[in-house]
Amino acid sequence: TKPKSLVPRHHIFEVPERMNYLGEVLRPFDVDSARSVARQIQDLGLESVAVCFLHSYVNPEHELLMKEVLQEVAPGLEVTISHELTREYREYERLSTAVLDGYIKPVVRKYIGRLEDALDDGGFDGHFLMTRSGGGAMTANSAKESPVNLILSGPAGGVIGAAWFAAVADEPNLITMDMGGTSLDASLIIDESAVLLHEAVFESLPITVPSLYINTIGAGGSSKVWIDDGLHLQVGPQSAGADPGPAAYGRGGTDATFTDAALKVGYLGSEHPLAGTLRLDEALAEQALNPSAEALGLSVDQVALGVIQIAVTKIVGAVRGITVELGHNPADFTLLAFGGAGGLVAVDVAKELSIPRVVVPPGPGTFSAFGMLMANVQHDFSRTRVTLLEEADPANFEQQFSDMASEARIALNSEGFGADRQRLLRLMDLRYLGQEHSVSIPVGSKIDEAEIGKIREAFALAHERQYGHAMTDPVQVVTLRLQALGVVDRPVLKEIELHSGAVEPVGERQVYQANGSRVEYALYERDVLRQGARIEGPAIISEHTATSVIHEGDVAVVGPYGELQITVAREEEIHG
């Protein structure tokens, strides 16, 4: 079932005008018609309007004229014009982006305004920044002007933090696994950089703003357990949320969830309150799981373990979608697991994909929030200029980059970033002639004939890495891009002190196994572990916001920043 259209058909208006693909006026902008449309919009009492004209990415003159008319005739109207969000071709995608921006702008403006007022009342005198879909941060004012950049920003903080961690921990290639309460977000860090897309899809609608490459599935701690019409056990994507949450929370929830299953299996316990206050109730978890067990003719323990295994299978599929299906071997990466539930199944996921190492960062339950502190303020500029690389005019490229750089400096200066805190990165989207999809590569600070040759070589290498092959076909330039960063002060993580003495468990948990037995897993408190501490599995490492599980043959060592560095045992090592 397709989502309902954001714009009813009777709220779509036309104004006579036309540019060609070179930005030349074929039909002048009809001001009288524009005024008539503006009055109709005002009479309908609409809050927001999105404007998109053909080829405005090359010449935005007519869109700017339409904006002037709307502001004059209907001054209280929120106006989004497509070229201010993206200067790229493909009018449907550009229109879709503008519509999404216009749809949420009134709501976002009010929300951010209230939040700004509350911060002012509280005496806040710092910089109010928000993460954006492309992995950087944006000021509150920028977010109010182009809120479409916030749509896919939710899981971005964790990926930003992972890119920072990749650099400081000498782990350049990471698969990130952020498992929270409702969903699981998987992403890639390659050569210490997050993978960035310049287009995304939200509820079937394309968005042409930069977005981190994140694969999201409905598998989290509150994912519901249910039986389908074929009497098969299922987990998610429906969620019990935080309130009432899993049945074991004791807040009135009756639906069984992944958390209830993890408690019944023995990964979680009731002896230590979660976040210091929430004590899980195993009796309520068993009561919630029991209907599924009766329907399947299994024990509650068997159903609970089945829930864990199904969740692992779904997560493995999500990780394969961003690795194997794109030509990457998961075994070449380290799995970085965070979120409140990530450590529970990270080792199981790693074993299924032959990933040799798992790292659980310090404070995994709040790692995404920590990652936000590592985000520089970011602006993205683009210009579609379809031409063969071999026939391109370097001077024209230089002019386009120079124009974007001027816009970037104006934006960063207005936000208080001096020249010493401004960083500009040039990129080009290229493809082989006749192809649809392009590859984005960084280019030098001066485009000349020598740089053109380097670009051609860099594209071939990037194309082979991304698609598995390179060709001798002509190379076509699609879009020029400029990423502008305002560098912010970042927190500095210090190395923790060295561990001394033996590592002593604080208890044990009996964990249910596939053969029907329960095995004793030593229980450790992560807060007391120091650099160099070594724990051999089977073991459970508990902390304030998360729990990590390692099995027989696995070894966890505490790294210099407090991260758990887990060496995952291969099956042949476990069974000889």
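The structure we're discussing is the one just above.
Residues numbered from 1 in each chain as written. Predicted model: local features only at pLDDT ≥ 70, side-chain atom pairs only at ≥ 80, totals over all residues. Heavy atoms only, no water.

Q: Looking at this model, I keep getting lost on the pattern of salt bridges. Mind explaining?
A: Should their charged atoms come close, side chains of opposite charge can pair. A full pass over the atoms with the stated rule returns 25 salt bridges. A salt bridge links K105 to D101, with the shortest nitrogen-to-oxygen separation between them at 3.4 Å. Highlighted residues: K105 and D101, both in helix α3 (residues 91-121), separated by four residues, approximately one helical turn. A relative accessible area of 3% places K105 in the buried class. Where E390 meets R456, a salt bridge forms, and the shortest distance between an N and an O atom there is 3.5 Å. Linking E390 in the loop between β19 (377-388) and α11 (394-414) with R456 in helix α12 (residues 449-467), this pair joins segments that are 66 residues apart in sequence. Judged by its relative accessible area of 42%, E390 falls in the partly exposed class. Beyond isolated ion pairs, a larger network of salt bridges with shared partners links K264, E282, D301 and R518. (Salt bridge = Lys/Arg side-chain N within 4 Å of Asp/Glu carboxyl O. Helix = DSSP H or I, 4+ residues; strand = E, 2+ residues; numbered from the N terminus. Buried < 20%, exposed > 50% of the residue type's maximum accessible area, 1.4 Å probe, protein only.)

Q: Would you take a moment to explain the packing of aromatic side chains for this structure?
A: Aromatic ring pairs are reported here in terms of the distance separating the ring centres and the angle at which the planes meet. This model, assessed by the stated rule, comprises six aromatic pairs. With a centroid separation of 5.2 Å and 70° between ring planes, the pair formed by W164 and F370 is classed as edge-to-face. Of the two residues, W164 is situated in helix α5 (residues 156-168) and F370 in helix α10 (residues 367-372); the sequence distance between them amounts to 206 residues. With 4.8 Å between their ring centres and 65° between their planes, Y432 and F459 make a pair best called edge-to-face. With a gap of 27 residues between them, Y432 in strand β20 (residues 422-432) and F459 in helix α12 connect regions that are remote in the sequence. Judged on exposure class, the residue Y432 and its partner F459 are both buried. (Phe/Tyr/Trp six-rings, centres within 6.5 Å; stacked < 30°, edge-to-face > 60°.)

Q: Just to check I follow, could you spell out the sheet that holds strand β27 (residues 547-550) for this structure?
A: The pairing of strands in a sheet comes from backbone hydrogen bonds and takes either a parallel or an antiparallel form. Strand order in the open sheet formed by four strands is β23-β24-β26-β27, and the pairing between neighbours is mixed. Looking at strand neighbours, the two that pair on one side only are β23 (507-512) and β27, the edges of this open sheet. Averaged over all adjacent pairs, the angle separating strand axes in this sheet is 30°, with direction ignored. Sheet analysis places strand β24 (residues 518-525) next to strand β26 (residues 539-542), joined by four bridges and oriented parallel. Looking across to β26, one finds that L523 is bridged to I540. (Pairing = 2+ DSSP bridges. Axes fitted to C-alpha atoms, helices over the stretch in contact; angles between N-to-C directions.)

Q: Before we go on, may I ask you to explain the packing of helix α8 (residues 300-322) against helix α9 (residues 342-352) in this structure?
A: When two helices pack together, their arrangement is given by the angle between the helix axes and by the axis-to-axis distance. Between α8 and α9, the least distance of the axes is 9 Å, while the angle of their chain directions is 55°. When the axis of α8 is compared with that of α9, the two are oblique. Of the two possible hands of crossing, α8 and α9 adopt the one that is right-handed. Every residue of α9 that contacts α8 at I308, V312, I315 and V316 is listed here: V345, D348, V349 and E352. Partitioned by chemical class, the residues of the contact of α8 with α9 number six nonpolar, no polar and two charged. (Parallel < 35°, antiparallel > 145°, perpendicular 65-115°, else oblique. Left-handed = near helix turned anticlockwise from the far one by under 90°. Contact = heavy atoms within 4.5 Å. Nonpolar A, V, L, I, M, F, W, Y, C, P; charged D, E, K, R; others polar.)

Q: Help me out: how do you make sense of the layout of surface pockets in this one?
A: Think of a ball as big as a water molecule: rolled over the atoms, this probe shows where empty space is left. A volume near 1,600 Å³ is recorded for the second largest pocket. Along its surface, the second largest pocket is lined by 47 residues, and V7, I12, A50, L95 and V99 are the ones closest to its centre. With eleven residues, the top contributor of residues to the lining of the second largest pocket is α3. Taken together, the residues of the lining of the second largest pocket sort by class into 32 nonpolar, seven polar and eight charged. (1 Å grid on protein atoms, 1.4 Å probe; cavity = no way out; pocket = protein on both sides within 12 Å on 5 of 7 lines; lining within 4 Å. Points joined across faces, edges and corners; volume = space filled by probe spheres on them.)

Q: Help me out: how do you make sense of the environment of G276 in this one?
A: For G276, the position within the fold is in the loop between α6 (258-265) and α7 (282-296). Overall, G276 belongs to the partly exposed group, its relative accessible area being 47%. When the C-alpha positions of G276 and G136 are compared, they lie 32 Å apart, and in sequence the two are 140 residues distant.

Q: What is the right way to read α3 from this model?
A: Residues three or four positions apart in an α-helix share a direction because the helix packs 3.6 residues into each turn. For α3, with 31 residues, the first-to-last C-alpha span of 43 Å sits near the 45 Å given by 1.5 Å per residue. Maximum bend of α3: about 45°, positioned at K105, with proline P106 one to four residues after it. With its phi angle positive at about 80°, G123 sits one or two positions after the end of α3. (Expected span 1.5 Å × (residues − 1). Bend = angle between axes of the 7 residues up to and from the residue.)

Q: Can you walk me through the side chain of D348 in this structure?
A: Within the secondary structure layout, D348 lies in helix α9. Of the side chains with opposite charge, K351 lies nearest to the buried D348, which makes no salt bridge, at 5.7 Å. Not counting chain neighbours up to four residues away, the residues in contact with D348 comprise Y267, V312 and H551. (Lys, Arg positive; Asp, Glu negative; His and termini not counted.)

Q: What am I meant to see in the side chain of T334 here?
A: In this fold, T334 is placed in strand β17 (residues 334-338). On the basis of relative accessible area, T334 is assigned to the buried category, the value being 7%. When sequence neighbours within four positions are dropped, the list of residues in contact with T334 reads E171, N173, L174, I175, I355, R357, V358 and V359.

Q: What am I meant to see in unusual backbone geometry here?
A: Trans is the prevailing form of peptide bonds, just as negative phi is the prevailing case for residues other than glycine. In this chain, G236 is followed by P237 through a cis amide linkage whose omega measures 0°. Along the polypeptide, P237 turns up in strand β16 (residues 233-239). Omega for the bond connecting G537 with P538 falls within 30 degrees of zero, at 5°, which places this linkage in the cis form. Along the chain, P538 turns up in the loop between β25 (534-536) and β26. With a phi angle near 65°, H55 is a residue other than glycine that sits in the positive phi range. Of note, H55 is situated in the loop between β3 (48-51) and α2 (61-73).

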